[in-house]
Amino acid sequence: MELIKPSLYVMFVIMITSLSMQQKHLMLALMCVETMMLILFTLLVILTSTTMTMSQFPMPTILLTVSVCSAAVGLSLVIAITRTHGNDFLSNLNLL
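My aim in this report is to walk through the structure given alongside it, one point at a time. Quick caveat, the model's predicted, so the values are computed rather than measured.

**Some words on the overall build of the protein chain**
- The secondary structure content of the protein chain amounts to 3 helices and 0 strands.
- For the protein chain, the N- to C-terminal ordering of α and β elements is α-α-α.
- Taken over the C-alpha trace, the protein chain has a radius of gyration of 16 Å; the compact-globule value for 96 residues is 12 Å, which it surpasses by more than 25%.
- Over its C-alpha atoms, taken along the principal directions, the protein chain stretches across nearly 50 × 25 × 20 Å.
- Excluding contacts between residues fewer than 6 apart, the proportion of contacts in the protein chain whose partners are at least 24 apart in sequence is 58%.
- Of the roughly 6800 Å² that the protein chain leaves accessible, carbon and sulfur atoms contribute 76%.

Rendered as structure tokens:
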């Protein structure tokens, strides 16, 4: 149990750096964001199970619900961009 938290922190930092270095595909960037959300969910579950406070029990479920909704929106954006532009390259998008 003592090794799980530092390894999750390291995984979160690795996902942040890979997200900042991801300049090619929108789908890979969204996968990095979803992995970060799953790591946060795991950390929140570990935190609520160790502290045993009743006020924090619905927080992991709320975080998981928000991450699923954002994944659905992100996937629909990837599909819309792929249909309009032909690919999901971030370099082809004019974000301004």
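Here the narrative resumes, following the displayed structure.
**Things to note about helix 3 (residues 59-85)**
- In this model, helix 3 (27 residues) spans 38 Å end to end at C-alpha, consistent with the 39 Å of a helix rising 1.5 Å per residue.
- Buried within helix 3 we find P60, L63, S67, G74, V78 and I81.
- Buried residues in helix 3 make contact with helix 2 (26-51).
- Phi turns positive, to about 95°, at G86, one or two residues after helix 3.

Each value, and the rule that gives it
- Residues numbered from 1 in each chain as written.
- Predicted model: local features only at pLDDT ≥ 70, side-chain atom pairs only at ≥ 80, totals over all residues.
- Heavy atoms only, no water.
- Helix = DSSP H or I, 4+ residues; strand = E, 2+ residues; numbered from the N terminus.
- Rg over C-alpha atoms; globule rule 2.2 N^0.38 Å.
- Contact = heavy atoms within 4.5 Å.
- Areas by Shrake-Rupley, 256 points an atom, 1.4 Å probe, with all protein chains shown as cover.
- Expected span 1.5 Å × (residues − 1).
- Buried < 20%, exposed > 50% of the residue type's maximum accessible area, 1.4 Å probe, protein only.

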